[in-house]
Amino acid sequence: LARLRALEAAARVGAWTVCQLFVGSAATGGARTRLHFDQYDNFYLQLAGTKTFRLFDPSQSGRLAPYPVHHRMDRSAQALPPRCDDARGVEVTLQPGEILFLPAYWWHEVTTGPVPAGALAVSLNFWYSAMQQILSPEWPLGPPLRVELARQLEYLVADSFGDAGRA
């Protein structure tokens, strides 16, 4: 816990919000999340098995074909070629005992590694509010807050014109 507190201080995260446990068996090997972003900072701790993250900085948002804000897949990306071919990202595989800091608004897709029969893949993540960053932003705005500003403008325009396109 002391190590986590030191990481929290170094990352200057907001208030701790929630903790989530992910447990998978051999049947979950190869399971993959859709490419998406979260509006919370996140420390992702791998306890058993492996997870591979494909990560994209918020500045790559336009290249990832995000769904509109009123779409049911809001905060997810279509990320289909050829539009996403020029998106620059990195891939990281977490081993047991490793932790990844995933800042709010970073695009990520997570794939569970192979899980041997009788074993488990276990991950624990800690979510932190990014509200302080939104309410007291540093200027000029960095890519994460530019994403949030663009989302709020999209809401304003869509709501102003009575957008019924809530797919």
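Relevant structure appears above.
Note that the structure is a prediction, hence the values are computed from the model and not measured.

Explain the sheet that holds strand β6 (residues 107–112) to me, using residue names and the numbers behind them.
Spatial ordering of the open sheet is given by β4-β3-β6, a layout of three strands whose pairing is antiparallel. Of all strands in the sheet, those with a lone pairing partner are β4 (89–94) and β6, marking the two edges. In this sheet, neighbouring strand axes are inclined to one another by 20 degrees on average, regardless of whether the strands run parallel or antiparallel. Relative to β4, strand β3 (residues 51–56) runs antiparallel, the two being bridged by six bridges. Opposite Phe53, over in β4, you have Val92 as the bridge partner.

Lay out the sheet that holds strand β5 (residues 99–102) with the relevant residues and their values.
Across the sheet, four strands lie side by side as β1-β7-β2-β5; this open sheet has antiparallel pairing. The open sheet terminates on both sides in strands that have one partner only, identified here as β1 (16–24) and β5. Going from strand to strand, the sheet's axes swing by 15 degrees on average, the running direction of each strand aside. Pairing of strand β2 (residues 40–48) with strand β7 (residues 121–129) involves eight bridges; the strand directions are antiparallel. Of the residues in β7, the one forming a bridge with Gln46 is Ser123.

Please set out the pattern of salt bridges residue by residue, giving values where relevant.
Under the criterion given, the structure shown has eight salt bridges. Salt-bridge contacts for Glu109 lead to Arg32; the nearest nitrogen and oxygen are separated by 2.7 Å. Taken together, the positions of Glu109 in strand β6 and Arg32 in the loop between β1 and β2 put the pair 77 residues apart, joining distant regions of the chain. For Arg32, a relative accessible area of 56% corresponds to the exposed category. Residue Glu148 pairs with Arg151 through a salt bridge whose shortest N-O separation is 3.7 Å. Note that Glu148 and Arg151 are positioned in helix α3 (residues 143–160) at a spacing of three residues, about one turn of the helix. For the pair Glu148 and Arg151, a shared accessibility class is recorded, and that class is buried. Look at the salt bridges and you will find they share partners, linking Arg32, Arg54 and Glu109 into a network.

Go over the layout of surface pockets, please, and point to the residues and values.
For the largest pocket, the calculated volume is near 460 Å³. If you trace the largest pocket, you find 21 residues lining it, with Arg12, Asp41, Gln133, Glu138 and Leu145 closest to the centre. Contributions of two or more residues to the lining of the largest pocket are made by α2 (131–135) and α3. Here the lining of the largest pocket is built from residues that sort into twelve nonpolar, six polar and three charged. In terms of lining, the second largest pocket is formed by 21 residues, of which the most central are Phe22, Thr33, Tyr44, Lys51 and Val110.

The rules we used
Residues numbered from 1 in each chain as written. Predicted model: local features only at pLDDT ≥ 70, side-chain atom pairs only at ≥ 80, totals over all residues. Heavy atoms only, no water. Pairing = 2+ DSSP bridges. Helix = DSSP H or I, 4+ residues; strand = E, 2+ residues; numbered from the N terminus. Axes fitted to C-alpha atoms, helices over the stretch in contact; angles between N-to-C directions. Salt bridge = Lys/Arg side-chain N within 4 Å of Asp/Glu carboxyl O. Buried < 20%, exposed > 50% of the residue type's maximum accessible area, 1.4 Å probe, protein only. 1 Å grid on protein atoms, 1.4 Å probe; cavity = no way out; pocket = protein on both sides within 12 Å on 5 of 7 lines; lining within 4 Å. Points joined across faces, edges and corners; volume = space filled by probe spheres on them. Nonpolar A, V, L, I, M, F, W, Y, C, P; charged D, E, K, R; others polar.

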